[in-house]
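Okay, here's what each chain looks like letter by letter:
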Amino acid sequence: AALWKLPVIYIIENNNYSMGTSQERSSSGETLAQRAAGFGIYGEVVEEGNDVYTLRAKTFEALERAYNASEPIVLEIKTYR
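Note that the structure is a prediction, hence the values are computed from the model and not measured.

Visitor: Just checking my understanding: could you explain the packing of aromatic side chains for this structure?
Guide: The relation between two aromatic rings is expressed through the spacing of the ring centres and the mutual angle of the planes. Across all of its chains, the model carries zero aromatic pairs by this definition. Against the face of tyrosine 42 rests arginine 65, its NZ or CZ located 3.9 Å from the ring centre.

Below, the structure written as structure tokens:
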């Protein structure tokens, strides 16, 4: 996506568990959105993933970035499981 500058939004719904194992035990201390940088993709964490207004605003920002800059983006949305 970064190579061809595709306007794609990848969403990670993060409830701090991965297949029954906590994220602390299965991942190094970084956020999942930070891993996007290794692929040349901008990543952002939405801490208030259960707040619909915050989520709407961050999604709108991601849409604007994808459309205007024509580049992919990763949104890691923290939510309750």
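Picking up after the structure, the text goes on.
Visitor: Is there a simple way to think about the pattern of salt bridges in this case?
Guide: Pairing between side chains of opposite charge can happen when their charged atoms approach one another. Evaluation of the coordinates by the stated rule reveals three salt bridges. When the shortest N-O distance is used, the salt bridge between lysine 58 and glutamate 44 registers 2.9 Å. Of the two residues, lysine 58 is situated in helix α2 (residues 52–69) and glutamate 44 in strand β4 (residues 42–46); the sequence distance between them amounts to 14 residues. Ionic pairing is found between glutamate 71 and arginine 65, a salt bridge with its closest N-O pair at 3.0 Å. Look at arginine 65 and you get partly exposed, because its relative accessible area is 32%. Several salt bridges converge on common partners, so that one network encompasses Glu44, Lys58 and Glu61.

Visitor: I tried to follow the sheet that holds strand β5 (residues 73–78) on my own but got confused; where do I start?
Guide: Hydrogen bonding along the main chain pairs the strands of a sheet, whether they run parallel or antiparallel. If you walk across this open sheet you meet the three strands as β1-β5-β4, and the pairing is parallel. Two strands close off the open sheet at either side, each with one partner strand: β1 (9–14) and β4. Across this sheet, the average inter-strand angle for adjacent strands is 20°, counted without regard to direction. Note: β4 against β5, five bridges, orientation parallel. Of the residues in β5, the one forming a bridge with valine 45 is glutamate 76.

Visitor: I tried to follow the environment of leucine 3 on my own but got confused; where do I start?
Guide: Topologically, leucine 3 is positioned in the segment before β1. According to the relative accessible area criterion, leucine 3 is exposed, its value standing at 70%. For the pair leucine 3 and glycine 40, spaced 37 residues apart in sequence, the C-alpha to C-alpha distance is 8.3 Å.

Visitor: Got a minute to help me understand a nonpolar patch on the surface in this structure?
Guide: On the surface, Leu3, Trp4 and Leu6 cluster together into a nonpolar patch covering about 400 Å² of accessible area. When you line up the elements, tryptophan 4 lands in the segment before β1. According to the relative accessible area criterion, tryptophan 4 is exposed, its value standing at 66%.

Cut-offs used in this document
- Residues numbered from 1 in each chain as written.
- Predicted model: local features only at pLDDT ≥ 70, side-chain atom pairs only at ≥ 80, totals over all residues.
- Heavy atoms only, no water.
- Phe/Tyr/Trp six-rings, centres within 6.5 Å; stacked < 30°, edge-to-face > 60°.
- Lys NZ or Arg CZ within 6 Å of the ring centre and 35° of its normal.
- Salt bridge = Lys/Arg side-chain N within 4 Å of Asp/Glu carboxyl O.
- Helix = DSSP H or I, 4+ residues; strand = E, 2+ residues; numbered from the N terminus.
- Buried < 20%, exposed > 50% of the residue type's maximum accessible area, 1.4 Å probe, protein only.
- Pairing = 2+ DSSP bridges.
- Axes fitted to C-alpha atoms, helices over the stretch in contact; angles between N-to-C directions.
- Patch = residues over 30% accessible without salt bridge, like charges linked within 9 Å, V, L, I, M, F, W, Y side chains within 5 Å.
- Areas by Shrake-Rupley, 256 points an atom, 1.4 Å probe, with all protein chains shown as cover.

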